[in-house]
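Each chain is listed here by its residues.
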Amino acid sequence: MIHSPLPQTDYMASGHVGCPGCGATVAMKFALRALGEKTMLVIPACCWAIIAGSHPQTSLKVPVLHTAFATAGAAASGLRAALDMRGDTETTVVAWAGDGGTFDIGFQALSGAVERNEDFIYVCYDNEAYMNTGVQRSSSTPFGTRTTTTPGTNWKHTRKKNIVEAFAAHRIPYAATASIAYPEDMIRKFQRARELKGGSRFLHVYATCPTGWRVPSDQCIKIARLAVKTRAFPLYEVTDGVRYTLNHDAEPPLPVRDYLSVQGRFKHLTDDDYGEIQAMVDEDWELLKRKVALAPEEARA
Amino acid sequence: MRISRSNVSTEINKTGSWRFVRPGYDEKTAPCSNACPVGQDIARIEMLMGQGMFPAAWETILRENPFPAVCGRVCFHPCERVCNRGEMDSAVGIHHLERFVGDLAIERAYALPHPFYGDEAETDRRATGGKTVAIGGAGPAGLAAAYFLARLGHTCDIYEADSEPGGVLRWGIPWYRLPEDVLKAEISRIVDMGVKIYCQKPITRDFMARAREQYDAVFLGCGYGRSLPLWIPGEEKVLNGLAYLHDIRGGDNTCTGGRAAVIGGGNTAIDVARSLTRLGVEPILVYRRRRQDMPAFDHEVEMALAEGVQLMPLVAPVRIDGGDGGMVLTLQRMRTTRMETAGGRCRVEPDGDRTETLMVDQVYSAIGAEPGENWLFPPEHQPGQLRMSHCILWEHPDARLPVVFGGDLTTPVKSVTDAVASGKQAAMALDTRFRHGGKAIPERLGACRVGDGTALSMEIYLSGRRKTRNPAIVPFSALNTDYFAPAERQAPPVLSPETRCGSFEEVEGAYGRDAAVQEASRCFNCGICNDCDNCRLFCPEVAIYIDGTRCINLDYCKGCGICVVECPRNAMTLEEEAS
Ligand SMILES: Cc1ncc(C[n+]2csc(CCOP(=O)(O)OP(=O)(O)O)c2C)c(N)n1
Ligand code: SF4
Ligand SMILES: [Mg+2]
């Protein structure tokens with residue numbers, strides 16, 4: 001009845017309070033299918049702090065440590081140390097934070113932790129704004145986006161921070177992007193991250209937010225797929241900060257306009273704006289291709 | 001240190017109350033099935049083929065059509081014209097696949113399964129209430145009627161005027177399109193079901209008068225055996241195209257040489273011309289309209305031209321002079337008008353008095369045919385008649401039993417597959433008439449329609465799984481094409497035109513096993529679930545589970561619609577909640 005090669009056990013329960021069509025919940029579902037039961041999560045303030053259940057409820061079948069907004073990197077380091085002291089080397093520690101908690105407020109703690117090469121997986125599920133508090137811009141919010149703090153003509157005029165590059169620059173053992181529209185690829189990356197024990201692993205997961213992006217809930221996966229097909233969100237891996245592998249060539253790419261124009265948060269963009277964004281996407285892609293070309297012999301784990 | 005712990009599952013929150021639209025599994029009808037005269041469940045057949053489940057695919061065909069190896073070769077495959085895949089790259093090679101599995105079944109001697117439709121009541125039905133039906137004509141219509149009636153538990157005797165069964169399949173279609181052993185194998189399967197075929201025994205008016213003594217009903221599918229006259233001076237010098245094909249298939253294939261004119265633009269004309277090239281004659285097709293108006297299948301016309309058949313369009317014969325030493329065919333030039341026929345072909349009219357002449361050694365006529373005997377025409381507007389899409393049921397006042405007219409006598413399109421469709425319709429109508437009375441026919445058969453067309457499904461008639469299929473047809477726009485990558489259509493081997501001219505060997509080859517699986521995998525399986533599991537995979541609420549089949553837990557489903565959108569093949573639907 002199921003011909004799928006994917007792991008089939010879900011560690012996420014129904015009844016959570018994520019919005020209909022929430023991409024971040026799809027992300028968690030896939031992540032836990034890949035990681036399995038022996039996982040402990042550290043979740044700072046973000047939508048997922050709520051989706052995981054408000055006390056005394058939980059929507060997850062693995063333990064979760066709720067922690068303060070800025071502290072996921074530090075708390076995960078501590079949890080790892082505690083488990084090690086108890087002789088539990090089997091359990092995977094996974095920090096699970098939003099883009100606000102990763103790109104902005106948690107950046108310092110995380111940078112410190114990965115510089116120490118702490119043994120955990122850090123997942124940033126990226127919905128490109130502070131969604132839980134009502135769609136405020138973060139440094140992950142893309143150029144051109146309207147949020148409640150970049151309204152009207154003051155839409156965001158700076159580029160999205162490239163977080164994978166930031167952590168590649170820390171020379172961590174493994175950093176990768178993943179998308180909920182590509183479950184096989186995403187699950188493989190989570191499995192690979194789990195196996196690469198002993199150091200810091202960073203996963204940047206694209207997670208559509210129908211509420212904050214003003215798109216119909218049923219388009220959640222379609223839009224995530226468009227992000228990859230237009231090269232707005234390339235799928236790639238970096239090992240040891242230098243060896244790059246591209247996982248999806250998106251050849252030929254769709255124009256980035258196809259991705260932007262279906263979202264309410266970009267509705268105000270003009271043809272010129274589209275052109276400007278296309279140039280940025282092209283530039284980023286070329287840069288990425290150059291890095292991939294530098295290390296064609298990337299050995300798969 | 002103490003930290004508070006949560007250990008109550010969120011499952012106590014019935015988030016289904018948030019929902020205002022409701023997803024549901026809703027298998028729909030593929031455009032190909034809708035276009036298929038016999039309504040084959042093509043999306044499912046190709047799904048099974050793609051999984052290498054050939055016997056199951058074959059059984060699925062046999063529910064609706066007893067002749068996959070024959071129809072895979074001779075059907076004009078209207079299915080492929082409407083294939084959604086055509087909007088992406090090119091239509092799925094449905095007829096090649098049908099032929100592949102039909103041939104495989106012959107080669108491996110697949111047996112008809114019992115129970116046939118997954119319907120346990122079949123055996124009982126066969127044991128009780130079986131009637132006896134006389135069938136006139138062992139062509140595709142009569143054979144199909146016998147096959148389906150036999151499956152429904154009735155006894156059938158077929159009366160055939162010719163020396164062997166098959167009708168047009170045996171005598172009208174040349175070997176290079178339909179080899180004899182293929183036809184024989186598919187007919188013998190019907191004989192093995194207990195159907196008796198009496199050859200050289202045509203149904204006569206006398207027979208009809210006494211039929212009641214032995215039979216409960218009669219099906220007449222005697223076909224169009226008599227060629228239409230040209231009504232021109234010199235007509236007596238014209239050779240009959242159908243008779244010529246008949247002679248060739250009877251074994252008379254002497255090479256005559258020279259040049260021949262073949263009058264007509266239908267499949268028979270093409271078959272005559274192509275047969276002539278194989279016997280060393282140079283044929284010229286004489287047709288009154290343009291090439292694009294020819295009723296012959298385009299593919300056949302192309303093949304004929306490649307084999308060296310010449311085409312003279314926009315000419316109509318007006319007289320034939322001369323004798324043995326050569327004939328002069330006088331042709332009236334025609335010109336197109338702005339008007340069109342009901343079938344969309346352009347109307348033509350004489351182009352002033354411009355004529356021309358054509359010198360040939362023989363003239364063949366293939367402009368159409370009619371029934372061999374007038375009484376075989378169903379009389380019009382008689383009381384007690386039920387006119388259906390492919391046949392007419394008449395409570396015959398003289399014979400005092402139900403008579404069904406089918407095949408070419410009544411089908412809207414004179415094709416082999418339409419003939420099979422009429423046989424199936426007749427079988428369903430008679431079975432209903434026997435079991436529930438004639439009044440029940442329109443409603444019972446109406447419920448068996450595939451999509452919005454005229455095709456009827458025997459699987460639906462027998463309450464098989466297909467009964468729950470939504471008749472709505474899946475448009476290309478309803479598919480999620482993100483899941484389908486372009487892939488080239490597999491081409492079977494074809495004999496070169498040079499090899500073709502010298503022999504009656506079959507022109508088109510068959511797919512190999514790998515090509516068949518690959519081609520079947522190109523099918524989108526429009527409207528049906530192929531267990532891809534996307535719905536369950538992507539559901540953010542973990543609200544889809546498997547309990548024998550996939551189910552949606554409406555206690556939790558928030559109605560986001562992801563499952564419906566991510567279904568590649570439109571096998572789900574989102575509906576507004578009632579309250
Ligand atoms: C120190 C601190 N400042 C502010 C907040 C309020 N707060 C809770 S969640 C959140 C937004 C989190 O954004 P992000 O990390 O992107 O996750 P998302 O909600 O988008 O999933 C904020 C600002 C807080 N909990 N703690
Ligand atoms: S994906 Fe899940 S929550 Fe969304 S409509 Fe389908 S069953 Fe309901
Ligand atoms: Mg966020």
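Residues numbered from 1 in each chain as written. Chains lettered and ligands numbered in written order. Predicted model: local features only at pLDDT ≥ 70, side-chain atom pairs only at ≥ 80, totals over all residues. Heavy atoms only, no water.

When helices and strands are counted, chain B shows 21 helices and 22 strands. Relative to the 2.2 N^0.38 estimate, which gives 25 Å for 579 residues, the radius of gyration of chain B is 27 Å and therefore close to what a compact globule would have. Seen through its C-alpha atoms, chain B measures out along the principal axes to roughly 115 × 55 × 50 Å. When each of the 579 residues of chain B is scored for burial, the buried share is 56%. (Helix = DSSP H or I, 4+ residues; strand = E, 2+ residues; numbered from the N terminus. Rg over C-alpha atoms; globule rule 2.2 N^0.38 Å. Buried < 20%, exposed > 50% of the residue type's maximum accessible area, 1.4 Å probe, protein only.)

All names here are of chain A. Ligand 1 sits among 16 residues. The nearest are Gly 100, Gly 101, Tyr 125, Met 131 and Asn 132. In the model, an oxygen atom of ligand 1 is placed 3.1 Å from a nitrogen or oxygen of the Asp 99 side chain. Within the backbone of Asn 132, an N or O atom sits 2.8 Å from an oxygen atom of ligand 1. In the complex, the protein chains occlude 71% of the 580 Å² of accessible area that ligand 1 would expose alone. Top contributing element to the shell around ligand 1 by residue count: helix α4 (residues 99-104), with three residues. The residue inventory of the shell around ligand 1, partitioned by class, reads nine nonpolar, six polar and one charged. (Near = heavy atom within 4 Å. Polar contact = N/O pair within 3.5 Å; in protein donor to acceptor, adjacent residues only side chain to side chain. Areas by Shrake-Rupley, 256 points an atom, 1.4 Å probe, with all protein chains shown as cover. Nonpolar A, V, L, I, M, F, W, Y, C, P; charged D, E, K, R; others polar.)

This part covers the packing of aromatic side chains. Each aromatic ring pair is specified by the distance between its two centres and by the angle formed by the two planes. Enumeration over the complete set of coordinates arrives at 24 aromatic pairs over all chains. With centroids separated by 6.2 Å and ring planes inclined at 35°, the aromatic side chains of Tyr176(B) and Phe504(B) adopt a geometry described as tilted. Of this pair, Tyr176(B) sits in the loop between α9 (168-172) and α10 (180-192) while Phe504(B) sits in the loop between α18 (497-502) and α19 (513-522); the two residues are 328 residues apart in sequence, bridging distant segments of the chain. When sorted by exposure, Tyr176(B) lands in the same class as Phe504(B), which is buried. Ring centres of Phe207(B) and Tyr215(B) lie 6.1 Å apart, and the angle between their planes is 40°; this geometry places the pair in the tilted category. Members of the aromatic cluster, joined through ring pairs, are Phe107(A), Tyr122(A), Phe167(A) and Phe202(A). Above the ring of Trp171(B), the side-chain terminus of Arg170(B) is found at 4.2 Å from the ring centroid. (Phe/Tyr/Trp six-rings, centres within 6.5 Å; stacked < 30°, edge-to-face > 60°. Lys NZ or Arg CZ within 6 Å of the ring centre and 35° of its normal.)

Another point: the coordination of the magnesium ion (ligand 3). Residue and element names in this part refer to chain A. Only Asp 99 (OD), Asn 127 (OD1) and Ala 129 (O) from the protein coordinate the magnesium ion (ligand 3), and they sit 1.9 to 2.1 Å from it. Along the chain, the residues donating to the magnesium ion (ligand 3) fall in the pattern D-x27-N-x1-A. Taken together, the residues Asp 99 in helix α4 and Ala 129 in the loop between β5 (120-126) and α6 (163-168) connect sequence positions 30 residues apart. By relative accessible area, which is 0% here, Asp 99 ends up buried. (Donors = N, O, S within 2.8 Å, 3.2 Å for Na, K, Ca; no water.)

Spanning 24 residues, helix α11 (residues 271-294) of chain A covers 35 Å between terminal C-alpha atoms, matching the ideal 34 Å at 1.5 Å per step. The complete set of buried residues in α11(A) reads Asp273(A), Tyr274(A), Ile277(A), Met280(A), Val281(A), Trp285(A), Leu288(A) and Val292(A). (Expected span 1.5 Å × (residues − 1).)

With that settled, the discussion passes to unusual backbone geometry. Cis geometry is adopted by the peptide bond preceding Pro56(A), which originates at His55(A) and carries an omega value of 5°. For Pro56(A), the position within the fold is in the loop between α2 (47-51) and β2 (57-58). Looking along the chain, the bond that leaves Glu251(A) and enters Pro252(A) is cis, with omega of -10°. Mapped onto the fold, Pro252(A) is located in the loop between β9 (243-246) and α10 (256-260). Positive phi, normally seen in glycine, also occurs at Val135(A), with a value near 65°. Positive phi is not limited to glycine here, since Asp533(B) has a value of about 75°.

Attention now moves to the sheet that holds strand β19 (residues 401-405) of chain B. Residues and elements named next belong to chain B. One open sheet holds the seven strands; their spatial order is β5-β4-β3-β6-β19-β18-β17, and the pairing between them is mixed. Where the open sheet ends on each side, the last strands, each with one partner, are β5 (196-198) and β17 (385-387). Strand-to-strand twist across the sheet, computed as the mean angle between neighbouring axes with direction ignored, equals 20°. Direction of pairing for β17 relative to strand β18 (residues 392-396): antiparallel, over a ladder of three bridges. Bridging from a neighbouring strand, Gln 385 pairs with Trp 394 of β18. Contacts from helix α8 (residues 140-151) reach β3 (132-136), β4 (155-159), β5 and β6 (217-220) within the one sheet, and its direction differs from that of β4 by about 165°. Most of the contacts of helix α15 (residues 416-436) go to β6, to which it runs at about 165°, and overall it touches β3, β6, β18 and β19. (Pairing = 2+ DSSP bridges. Axes fitted to C-alpha atoms, helices over the stretch in contact; angles between N-to-C directions. Contact = heavy atoms within 4.5 Å.)

Here we take up the site of ligand 2. All residues in the neighbourhood of ligand 2 are listed as Pro23(B), Cys539(B), Pro540(B), Glu541(B), Ile544(B), Ile552(B), Cys557(B), Lys558(B), Gly559(B), Cys560(B), Gly561(B) and Cys563(B). Class assignment of the residues belonging to the shell around ligand 2 gives a composition of eight nonpolar, two polar and two charged.

Okay, a nonpolar patch on the surface next. A contiguous nonpolar patch, built from Val17(A), Ile50(A) and Trp18(B) and spanning about 250 Å² of accessible area, is present on the exposed surface. Along the polypeptide, Trp18(B) turns up in the loop between β1 (8-9) and β2 (21-25). Assessed through its relative accessible area of 34%, Trp18(B) is described here as partly exposed. (Patch = residues over 30% accessible without salt bridge, like charges linked within 9 Å, V, L, I, M, F, W, Y side chains within 5 Å. Salt bridge = Lys/Arg side-chain N within 4 Å of Asp/Glu carboxyl O.)

To continue, consider the domain arrangement of chain B. One can read the domain layout of chain B as domain 1 (10-26 + 530-576), domain 2 (34-113 + 480-521), domain 3 (129-225 + 371-446) and domain 4 (229-366). One C-alpha centre belongs to domain 1 of chain B, the other to domain 3 of chain B, and the line joining them spans 48 Å. (Domains from an automatic or database assignment.)

With that settled, consider helix α1 (residues 23-35) of chain A. Along its 13 residues, α1(A) runs 18 Å from first to last C-alpha, staying within 8% of the 18 Å computed at 1.5 Å per residue. The element α1(A) is largely enclosed, with a buried count of 13 among its 13 residues.

On to the interface of chain B and chain A. Each side of the interface is counted separately: chain B has 39 residues, and chain A has 40 residues. When chain B packs against chain A, the two sides together hide about 3,200 Å² of surface, and 54% of this comes from carbon and sulfur. When the buried area of chain B at its contact with chain A is split by residue, Thr10(B), Leu537(B) and Val542(B) rank highest and sum to 19% of it. Seen at the junction of chain B and chain A, the total is four salt bridges. Here chain B and chain A share 27 residue pairs in polar contact (both at pLDDT 80 or more) between them. Elements represented by at least two residues in the side of chain B that touches chain A include exactly β1, α20 (534-538), β21 (549-552) and α21 (562-566) of chain B. Its residues assigned to classes, the side of chain B that touches chain A shows 16 nonpolar, 13 polar and 10 charged. Where β2(A) and β1(B) come together, two bridges link them in parallel fashion. If you follow Thr58(A) over to β1(B), its bridge partner there is Ser9(B). (Buried area = accessible area lost by both parts, 1.4 Å probe.)

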